[in-house]
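# An overview of the molecular structure
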Amino acid sequence: MQESTSFSVIIHIKISKNNNTMNQKLLKSHTILAICILILSIIPVVAIGPYLHQFADDYVFGAPVYKAWTATHSFGACIQAAWAESMHIYQTWQGTYSACFLMALQPGIFGKYWLVPIILLGSLILSTYTLGYTILRRLLHISKLEYTFISTLFVLMTVQFVWSFYDAFCWYNGAMYYTLYYSISLFLASLLIEFHLTKSIIAKIIITLVSAALAIFIAGGNFVTGLGMPAILFMAIVWMWVERKKTPFFLLSILIIYACAFAFSVFAPGNTVRQSTVTSQPNVVSAFFIAIAKGIEFLADAIKITEILMFTILIPFLARLAKASHFRFSHPWLYLLISFLLYCAFFFPNSYAMGTKGADRTQNVYFYVHLWMICFNIYYLSGALQRRAADLEPISVAIVNLKEAIRLKSNKYFRWLPVYYWLVLVLSITAKPTTTNRTFSLLRRGTAQKFDLEMQQREIAVKQSKADHLVLNPLTVKMPSDAFHDITIYPGYWINRGMANYYGKKTVVALPFDDGEETPAKLLKRCRDEVGPGGMTFIEGK
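Predicted, not measured: the structure shown is a model, and the values here were computed from it.

### Describing the packing of helix α14 (residues 305–324) against helix α17 (residues 360–390)
It is the contact of α14 with α17, at a shortest axis distance of 9 Å, that shows an interaxial angle of 45 degrees. Taken together, the axes of α14 and α17 are oblique relative to one another. Taken as a pair, α14 and α17 cross one another with a handedness that is right-handed. Mapping the contact onto sequence places Glu307, Phe311, Leu314, Ile315, Leu318, Ala319, Leu321, Ala322 and Lys323 in α14 and Phe367, His370, Leu371, Ile374, Cys375, Ile378, Tyr379, Ser382, Gly383, Gln386 and Arg387 in α17. Looking at side-chain class alone, the contact of α14 with α17 contains 13 nonpolar, four polar and three charged residues.

### Brief notes about the pairing of strand β1 (residues 469–472)
Side-chain alternation along β1 places Leu470 and Leu472 on a buried face and His469 and Val471 on a face that remains uncovered. When β1 meets strand β2 (residues 507–510), the two strands line up parallel, connected through four bridges. By the bridge assignment, Leu470 is partnered in β2 with Val508.

### As for a nonpolar patch on the surface
A surface patch of nonpolar side chains, about 590 Å² in accessible area, is lined by Val285, Phe288, Phe289, Leu334, Leu337 and Leu341. Of all elements in the fold, only α13 (284–302) and α15 (332–345) reach the threshold of two or more residues within the nonpolar patch. Residue position: Phe288 is located in helix α13. Owing to a relative accessible area of 42%, Phe288 belongs among the partly exposed residues under this scheme.

### Notes on the nonpolar core
Counting 158 residues, the largest nonpolar core has Tyr166, Phe169 and Tyr343 as its most contacted members. For this core, the element with the highest residue contribution is α17, accounting for 14 residues. Sequence-distant contacts of Tyr343, defined by excluding residues within four places in its chain, comprise Gly295, Phe298, Leu299, Tyr366, Val369, His370 and Met373.

### Quick notes on the side chain of Ser265
As for its position among the elements, Ser265 is in helix α11 (residues 249–266). Of the residues examined, Ser265 reaches a relative accessible area of 0% and is grouped as buried. If we skip the residues at most four places from it in the chain, Ser265 touches Gly95, Thr96, Tyr97, Ala219, Phe223 and Asn271.

### Remarks on the environment of Leu385
Mapped onto the secondary structure, Leu385 falls in helix α17. Taking the relative accessible area as the measure of exposure, Leu385 reaches 25% and is therefore partly exposed. With 108 residues separating them in the primary sequence, Leu385 and Tyr493 have C-alpha atoms 59 Å apart. Not counting the four nearest positions on each side in its chain, Leu385 is found in contact with Ser396, Ile399 and Val400.

### With respect to the pattern of salt bridges
If you walk through the whole model with that rule in mind, you get 10 salt bridges. Note that Lys357 and Asp301 form a salt bridge whose closest N and O atoms lie 3.8 Å from each other. Linking Lys357 in the loop between α16 (348–353) and α17 with Asp301 in helix α13, this pair joins segments that are 56 residues apart in sequence. Residue class for Asp301 comes out partly exposed when judged on its relative accessible area of 33%. Two residues, Asp529 and Lys525, come together in a salt bridge whose shortest N-O distance is 2.7 Å. Pair noted here: Asp529 and Lys525 are both in helix α23 (residues 520–529), with a separation of four residues, about one helical turn. Within the structure, one salt-bridge network assembled from shared partners comprises Lys294, Glu297, Asp301 and Lys357.

Parameters at a glance
Residues numbered from 1 in each chain as written. Predicted model: local features only at pLDDT ≥ 70, side-chain atom pairs only at ≥ 80, totals over all residues. Heavy atoms only, no water. Axes fitted to C-alpha atoms, helices over the stretch in contact; angles between N-to-C directions. Helix = DSSP H or I, 4+ residues; strand = E, 2+ residues; numbered from the N terminus. Parallel < 35°, antiparallel > 145°, perpendicular 65-115°, else oblique. Left-handed = near helix turned anticlockwise from the far one by under 90°. Contact = heavy atoms within 4.5 Å. Nonpolar A, V, L, I, M, F, W, Y, C, P; charged D, E, K, R; others polar. Buried < 20%, exposed > 50% of the residue type's maximum accessible area, 1.4 Å probe, protein only. Pairing = 2+ DSSP bridges. Patch = residues over 30% accessible without salt bridge, like charges linked within 9 Å, V, L, I, M, F, W, Y side chains within 5 Å. Areas by Shrake-Rupley, 256 points an atom, 1.4 Å probe, with all protein chains shown as cover. Salt bridge = Lys/Arg side-chain N within 4 Å of Asp/Glu carboxyl O. Core = buried A, V, L, I, M, F, W, Y, C linked by side-chain atoms within 4.5 Å.

Coordinates in, geometry out; function isn't part of it.
The following block contains the structure:
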């Protein structure tokens, strides 16, 4: 009897080892596929770079640096001009000091606008992998293979399903202001976690200095990331104080540094000037509820079937991580509420300033953050369910038993799981709304190439002409950004004025062009209503 039992145990161990080996092989093949698809998916985004050109805000913010560069070809002079422009905008339009500094250094000044997608895409991918590594490898101690697979899927979702791909990766001014600052925030989050994991005093000192510098830098960026990220940091401090009964002085010091820098940005004289151009502004209480409503509305619009399919692959991994964790998961409903309110904190700045969600480039940040919120909630809620089932809580036990019954009944279909993974991964880049599909369409239809040709012809005409008053051909194509507007027949329009100032001309106008979207009356109204950076209003009769 004892020999029979021992033999059964040996057979069970061998079967378990064989299953584990098979699972590891499958996971490895899925990981390689995911990495290959990620690499293939970013090729069109990088390939479109040479066809991109500056427009709108790029001209306004970049004018002083462009003039310094053409006059001196000195990077030192460009840095000085960029900082001077940042301080000018601080007084006249907005307090985002570090962002305005970077806006003034837009790559088109140096003939390198093709770098924009590489910079933005690279920063987003690298920062996401970095925070994923810190959480999954350093904090939760999962295997390298699992980390690579989970992080790659998450990066694919982040890149492919982003709300507005052009505003995320192709337009420097809008993409840098939101996508880049979000990416830098992820780097800061990684450092804050790493500080509590490392035992090296030297490492802690370096992390403290770099974290303080990044906090000051991020505080000078957009208010969406600017309010949402410190709100998360504040809740992390509260959690550590409640759960561990001690004050995390490092996190608190970084939050204080951030708050001081953010106050410097918020109370800039230019913000008052810009807010005066808004006709209707909600009060704080109304803005709070508007932010919640906009958060729900955005989730309903943003979550598509392709994203749901990707999460069906991630859920088993997140559930296993939660099961292996020593965390108690004791307050699932409170966590769900707090995480949602933190998510809505990102909506508050635009809700308070204008009562809206903001432009497409702003909504890219909402999209990035909602992916993290969903992942953390899946992790926490699955952990709470498993802990309560282990404690024989009736509802949790019933849910776990139901899940197990479904798994056993559907066991014969699990052999098709690899095929399902492959199909979902392929869909993640080929479905119509994805970044790769949309970018490839611009290239395949020749839209990007035509835009490039027309912009090159325009730039040659501007640079070769000695006249102070220029009449240029209009663009016949429009790139997919809600901020994409060309110069018009009106020299007093802010984009016309910005371009004229950039090239040192008195006026610049475009020949009349009927794009079928705007009547002459609507065009004139739009030009009169819009206010450009620095309070550039429409000048009648110019």
